[in-house]
Amino acid sequence: MISVSNKALDAWIKEVAEMCKPDNVYLCDGSQEEYDKMIQITVDAGSATPLKKRPGCYLFRSHPSDVARAEKRTFIASKNREDAGPTNNWIDPDELKATMGALYDGCMKGRTMYVIPFSMGPIGSYISKIGVEITDSPYVVINMRIMTRIGTEVLKSLGDGEFVRCLHSVGKPLAPGEKDLSWPCVPNVDEKYISHFPEERMIWSYGSGYGGNALLGKKCFALRIAGVQARDEGWLAEHMLILKLTDSDGKFHYICGAFPSACGKTNLAMLEPSFPGWKVETIGDDISWMKFGDDGRLYAINPEAGFFGVVPGTSMQSNPNAMKQIMTNTIFTNVGLTDDGDVWWEGSGIPAPDHLIDWQGNDWTPDCGRLAAHSNARFTTPANQCAVIAPEWEDPAGVPISAILVGGRRKTTIPLVNESLDWSHGIFLGSIMGSEITTADITDKVGQVRRDPFAMLPFVGYHMGDYLQHLLNIGKKTDASKLPRIYFVNWFRKNDEGKFIWPGFGDNSRVLKWIVERISGTGKAVSTPIGNMPAPGAIDTDGINVSAGDMEELLKVDKEAWLAEIVSIKENYKSYGDRLPPELSAQLDALEKRLNG
Ligand code: GTP
Ligand code: SPV
Ligand code: MN
């Protein structure tokens with residue numbers, strides 16, 4: 001048995017080992033040698049395939065039951081049911097611990113238990129926090145080393161301090177001599193658990209090895225548990241990308257963006273602007289932790305150290321920077337394997353080969369009617385490998401945020417861009433955002449609009465009404481002029497033929513340009529019932545195939561559609577009961593009046 005100097009951690013490791021009964025316990029040091037060893041273990045076990053065409057890259061194929069976050073198996077086990085709120089699944093914590101304790105009993109037999117000390121954020125930053133993940137999956141160790149900072153340095157920085165307990169098991173003990181599966185997990189979705197004990201700052205995950213279910217630093221810690229810490233301590237833990245936009249005069253701004261899963265954060269974070277002289281650099285692509293600096297502004301860090309990005313649709317056209325980044329030292333999960341040892345996926349912009357092995361390990365041909373890559377196939381790649389990573393991306397002081405974008409996938413109603421009138425109105429806009437459901441979630445409701453306040457619906461570790469109140473409260477802690485301005489954007493409007501009207505991707509820089517012009521006081525806007533919108537011609541459409549009529553459509557305030565929207569927002573607000581912030585119902589009433597006035 002290993003031992004560590006942090007007494008609480010030492011006791012916890014022993015307690016978990018006693019419960020899970022692994023054959024060995026291993027403390028991760030975070031070194032390159034250790035990473036290479038972990039890779040070798042997964043290659044030898046038949047879980048990983050080295051990719052001849054991409055140095056340091058490996059392909060994994062998951063079990064078909066284990067391809068995305070399992071939202072209906074995600075639990076917020078707060079002491080009181082009301083504190084989990086209407087948007088979370090709740091189980092009494094004692095009951096859940098009893099259920100899961102029985103599952104954990106002996107669940108690591110025949111396996112090694114890995115102990116991973118990790119830091120979310122640059123080690124030692126005043127915004128960073130430390131967690132320890134205990135897992136029986138070498139795939140998780142590999143991915144955690146890319147996605148976070150792990151190992152000896154973190155333990156040193158932890159000292160005798162507090163850490164978030166993150167326990168994970170794939171839930172597949174091995175009998176003596178039993179051959180392991182290439183993707184061990186609990187195949188029945190209904191027997192997987194992704195559980196959070198917010199009062200104890202603890203996570204228990206069982207039965208899944210994929211993404212946010214298993215890489216516990218990401219959604220479980222950095223959003224659900226950190227969100228509760230942020231509420232208690234007066235800061236923000238948000239599902240937002242962070243980018244740096246520099247104009248042709250060298251002036252720059254830092255911008256955050258909240259978009260639901262599979263709605264374009266990674267793409268926007270590293271876009272190639274379509275204006276000569278302008279530059280976008282990346283700070284983070286998924287999560288932003290923000291605290292007030294001494295100057296009263298909100299400073300953000302990216303708590304992660306890698307990108308866990310959606311592969312399908314990634315191409316030289318849509319995201320050239322990601323394409324270059326994933327040529328080396330990248331883990332691919334659930335894409336196609338070509339006969340010459342490369343990977344292929346739908347929307348890569350590369351013609352399909354005549355034959356490959358699909359994400360389930362079967363022969364695939366272009367006419368077989370199946371996808372080569374799962375729609376939620378992902379790459380795991382180190383952030384420092386990104387060609388446009390901002391030099392200050394690991395600055396422990398964070399970067400001051402000038403604007404926050406919010407928005408989802410909406411075919412109709414929501415215009416291309418709309419500026420909030422003030423912080424409170426901006427929180428209102430974020431609270432009403434929604435998205436047409438995609439396949440990133442395991443659900444049967446693909447296509448319907450789901451209200452997803454600040455893209456946090458699956459990630460708020462407490463009552464959604466309290467979360468929105470917390471956002472409103474943050475705005476009262478500093479001068480209004482120091483707060484980021486909030487913009488409601490929508491890259492996903494479609495015409496009657498079902499085609500996207502706005503080109504999106506790199507051309508989203510045209511909207512970013514207008515936003516920084518607004519911040520600097522030069523951007524022209526018109527006042528409308530829903531907010532301030534670009535004046536005609538204020539968004540540059542030179543060189544893109546968007547007609548004046550298209551622009552009119554993209555920037556129209558469709559009164560009837562908005563009134564229908566209000567009906568559905570009211571319905572959604574009702575579900576928050578008496579925890580709906582009164583400021584938000586006042587905002588909704590005011591919007592209705594302006595539309596009718
Ligand atoms: P998560 O990692 O799940 O949080 O997703 P994300 O928000 O980072 O989304 P990502 O950037 O990976 O994009 C998801 C999908 O949206 C991909 O298929 C992209 O091709 C597509 N997409 C991204 N940006 C745009 C855009 O501006 N317009 C259109 N039409 N599609 C986009
Ligand atoms: C998301 O779904 O928002 C992701 C992928 O970023 S996962 O890490 O699986 O949550
Ligand atoms: Mn995400």
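Scroll up for the structure.
Sequence positions are assigned chain by chain, starting from 1 and proceeding in written order. Labels follow written order: the first chain is A, the first ligand is 1, and so on. Local features in this predicted model are restricted to residues whose pLDDT is 70 or higher, and side-chain atom pairs enter the listing and the counts only when it is 80 or higher, whereas totals over whole chains, interfaces and linings include all residues. As a convention, hydrogens and water are excluded, and side-chain values are obtained from all of the structure's heavy atoms.

The mixed open sheet is built from 5 strands, whose spatial order is β2-β3-β18-β23-β17. Each of the sheet's edge strands pairs with one partner strand only, and the pair in question is β2 (48-50) and β17 (306-310). Pairs of neighbouring strands in the sheet enclose a mean axial angle of 20°, with direction left out of account. A pair of strands counts as paired when DSSP detects no fewer than two bridges linking them. Labels follow the DSSP assignment, with helices taken as runs of H or I lasting at least four residues and strands as runs of E lasting at least two, numbered in each case from the N terminus. When β17 meets strand β23 (residues 378-382), the two strands line up antiparallel, connected through 5 bridges. Paired with F308 across the strands is T380, a residue of β23. Axis definition: a line fit to C-alpha positions, over the contact stretch in the case of helices; interaxial angles, taken between N-to-C directions, run 0 to 180 degrees.

Let us look at the site of ligand 1. We call a residue near a molecule or strand as soon as one heavy atom of that residue lies within 4 Å of the molecule or strand. By nearness alone, 22 residues border ligand 1, and A262, K265, N267, R378 and F505 come closest of all. Throughout this description, a polar contact denotes any pair of N or O atoms lying within 3.5 Å of each other; where both atoms belong to protein, one of them has to be capable of donating a hydrogen while the other can accept it, and for residues adjacent in sequence the pair is counted only when both atoms sit in side chains. N267 places a polar side-chain atom, nitrogen or oxygen, 2.8 Å from an oxygen atom of ligand 1. The separation between an oxygen atom of ligand 1 and a polar side-chain atom of D286 is 3.2 Å. Surface burial for ligand 1 is 90%, taken as the share of its 660 Å² of free accessible area covered by protein chains. Tallying contributions element by element places helix α9 (residues 265-269) first for the shell around ligand 1, with 3 residues. Under the convention used here, a 1.4 Å probe and the Shrake-Rupley method define accessible areas, while residue burial counts only the protein chains that appear.

Running from N to C, helix α11 (residues 423-432) and helix α12 (residues 464-474) cross one another at 155°; their axes reach a closest spacing of 9 Å. With respect to their mutual orientation, α11 and α12 come out roughly antiparallel. For the pair α11 and α12, the sense of crossing is right-handed. Two secondary-structure elements touch here, α11 through W423, S424, I427 and S431 and α12 through L468, L471, L472 and I474. Each residue gets one label: Ala, Val, Leu, Ile, Met, Phe, Trp, Tyr, Cys and Pro are nonpolar, Asp, Glu, Lys and Arg are charged, and the others, such as Gly, are polar. Here the contact of α11 with α12 is composed, by residue class, of 6 nonpolar, 2 polar and no charged. Angles below 35 degrees are treated as roughly parallel, those above 145 as roughly antiparallel, those between 65 and 115 as roughly perpendicular, and all remaining angles as oblique. By definition, turning the near helix anticlockwise from the far helix through less than a right angle yields a left-handed crossing, and turning it clockwise yields a right-handed one. The contact definition used throughout considers only heavy atoms, calling two residues in contact when any of these lie within 4.5 Å.

Turning to its location among the elements, L298 is positioned in strand β16 (residues 298-301). In the structure, L298 is positioned 267 residues away from E565 in sequence and 31 Å away in space, judged by C-alpha atoms. Ignoring sequence-local partners within four residues, the contact set of L298 consists of L236, M290, K291, F292, V399, P400, I401, W423, I474 and P484.

Of all hydrophobic cores here, the largest spans 155 residues; its most connected members are W289, F332 and W502. The element contributing the most residues to this core is helix α8 (residues 217-233), with 8 residues. In these notes, a set of buried Ala, Val, Leu, Ile, Met, Phe, Trp, Tyr and Cys residues joined through side-chain atoms within 4.5 Å is what counts as a nonpolar core. For every residue, the accessible area obtained with a 1.4 Å probe (protein chains only) is divided by the maximum for its type, and the residue is called buried under 20%, exposed over 50%, and partly exposed between those limits. In terms of nonpolar packing, the next biggest core, distinct from the first, is built from 32 residues, C20, A77, M100 and V132 among them.

Turning to the pattern of salt bridges, a few remarks are in order. One speaks of a salt bridge when a side-chain nitrogen belonging to Lys or Arg is within 4 Å of a carboxyl oxygen belonging to Asp or Glu. Enumeration according to the criterion identifies 38 salt bridges in this entry. The residue E304 makes a salt bridge to K218 at a minimum N-O spacing of 3.0 Å. Of the two residues, E304 sits in the loop between β16 and β17 while K218 sits in helix α8, which places them 86 residues apart along the sequence. The two residues E304 and K218 agree in class, both being buried.

The next subject is the coordination of the manganese ion (ligand 3). Bound to the manganese ion (ligand 3) are the protein donor atoms K219 (NZ), H239 (NE2) and D286 (OD), situated 2.1 to 2.5 Å from the metal. Each metal's donors are the N, O and S atoms within 2.8 Å of it, or within 3.2 Å when it is Na, K or Ca, and because water is not part of the set, sites may look incomplete. The geometry test gives tetrahedral to four donors whose angles all lie between 85 and 135 degrees, gives square planar to four donors and octahedral to six donors whose opposite members are over 155 degrees apart with all other angles between 65 and 115, and gives irregular to the rest. Considering all 6 donor atoms around the manganese ion (ligand 3), angles at the metal cover 62 to 174° and the coordination shape is irregular. Each donor residue of the manganese ion (ligand 3) belongs to the same chain, with the gaps between them written as K-x19-H-x46-D. Highlighted residues: K219 in helix α8 and D286 in the loop between β14 (279-284) and β15 (288-292), separated in sequence by 67 residues. Judged by relative accessible area, D286 falls into the buried class, the value being 8%.

The full set of residues close to ligand 2 is R69, G211, G212, K218, K219, H239, S261, D286, F308, R378 and F459. Here an oxygen atom of ligand 2 and a side-chain polar atom of R69 are 2.9 Å apart. At a separation of 2.5 Å, an oxygen atom of ligand 2 approaches a polar side-chain atom of S261. Isolated, ligand 2 exposes 290 Å² of accessible area, and the fraction of that covered by the protein chains is 97%. Of all the elements in the fold, those that place two or more residues in the shell around ligand 2 are α7 (211-214) and α8. Partitioned by chemical class, the residues of the shell around ligand 2 number 2 nonpolar, 4 polar and 5 charged.

By themselves, these are just geometric observations and shouldn't be taken as functional.
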